[in-house]
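Tertiary structure, described
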Amino acid sequence: MKSVLSFPERGHWGKSNWRGNTSGYIIKEMIEHFKPSLFVDACEGSGTSGDVCREMGIAYVGLDLYKGNDFTKDSIIQYLSRPADICFTHPPYHNMVVYSGEVYGTEAILGDTSRCATPEEFIARSQTMLLNQREATKEGGIYATLIGEKRKNGEFRSYQSDFIQM
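Residues numbered from 1 in each chain as written. Predicted model: local features only at pLDDT ≥ 70, side-chain atom pairs only at ≥ 80, totals over all residues. Heavy atoms only, no water.

For the rest of this paragraph, the subject is the packing of helix 1 (residues 24-34) against helix 2 (residues 48-56). Two elements in contact, helix 1 and helix 2, have axes separated by 9 Å at closest approach and are oriented at 45°. Compared by their axis directions, helix 1 and helix 2 come out oblique. Both helix 1 and helix 2 take part in a crossing whose hand is right-handed. Together, G24, I27, K28, I31 and E32 of helix 1 and T48, S49, V52, C53 and M56 of helix 2 make up the contact between the two elements. For the contact of helix 1 with helix 2, the class distribution of residues is five nonpolar, three polar and two charged. (Axes fitted to C-alpha atoms, helices over the stretch in contact; angles between N-to-C directions. Helix = DSSP H or I, 4+ residues; strand = E, 2+ residues; numbered from the N terminus. Parallel < 35°, antiparallel > 145°, perpendicular 65-115°, else oblique. Left-handed = near helix turned anticlockwise from the far one by under 90°. Contact = heavy atoms within 4.5 Å. Nonpolar A, V, L, I, M, F, W, Y, C, P; charged D, E, K, R; others polar.)

Encoded structure:
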């Protein structure tokens, strides 16, 4: 697995019109490198991870807020028959793209981290998500989060740096 990944296209997995969509090539790289028997995505979105797992013959559990799974308060492990080999998330970043009530559904959902009032609230809720991921991952397994930076109105915030500090 490479430390820097770059793909000219996002691939055929999931739905390309779903905002914030993870490239299926990232999921494929993780599976090829770590060889999990159970892959869990707690921020499933359009289903990219599930599509890749089905194609590669890997057991999969997909959770998401729009399905009623709130990683800011719910334990991920409660939805699993056994701990995950890989527990992955690509959470909605604080107000970068607002999901509930805009990308899906007609009403705001309380646990939606894209509706956090401040970056600090997003970080606090994300810390709960990371703890839930760790709890849902087997001993020696991997929990991973795809996170980056936010540039908006001339301001910059490195959520990646925030997560590393956590």
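Next comes the rest of the account.
So, on to helix 2. Among the residues of helix 2, those classed as buried are T48, S49, G50, V52 and C53. In this structure, the buried residues of helix 2 make contact with helix 1, strand 1 (38-41), strand 2 (59-62) and strand 3 (84-89). A positive backbone phi angle near 75° is found at G57, which sits one or two residues after helix 2. (Buried < 20%, exposed > 50% of the residue type's maximum accessible area, 1.4 Å probe, protein only.)

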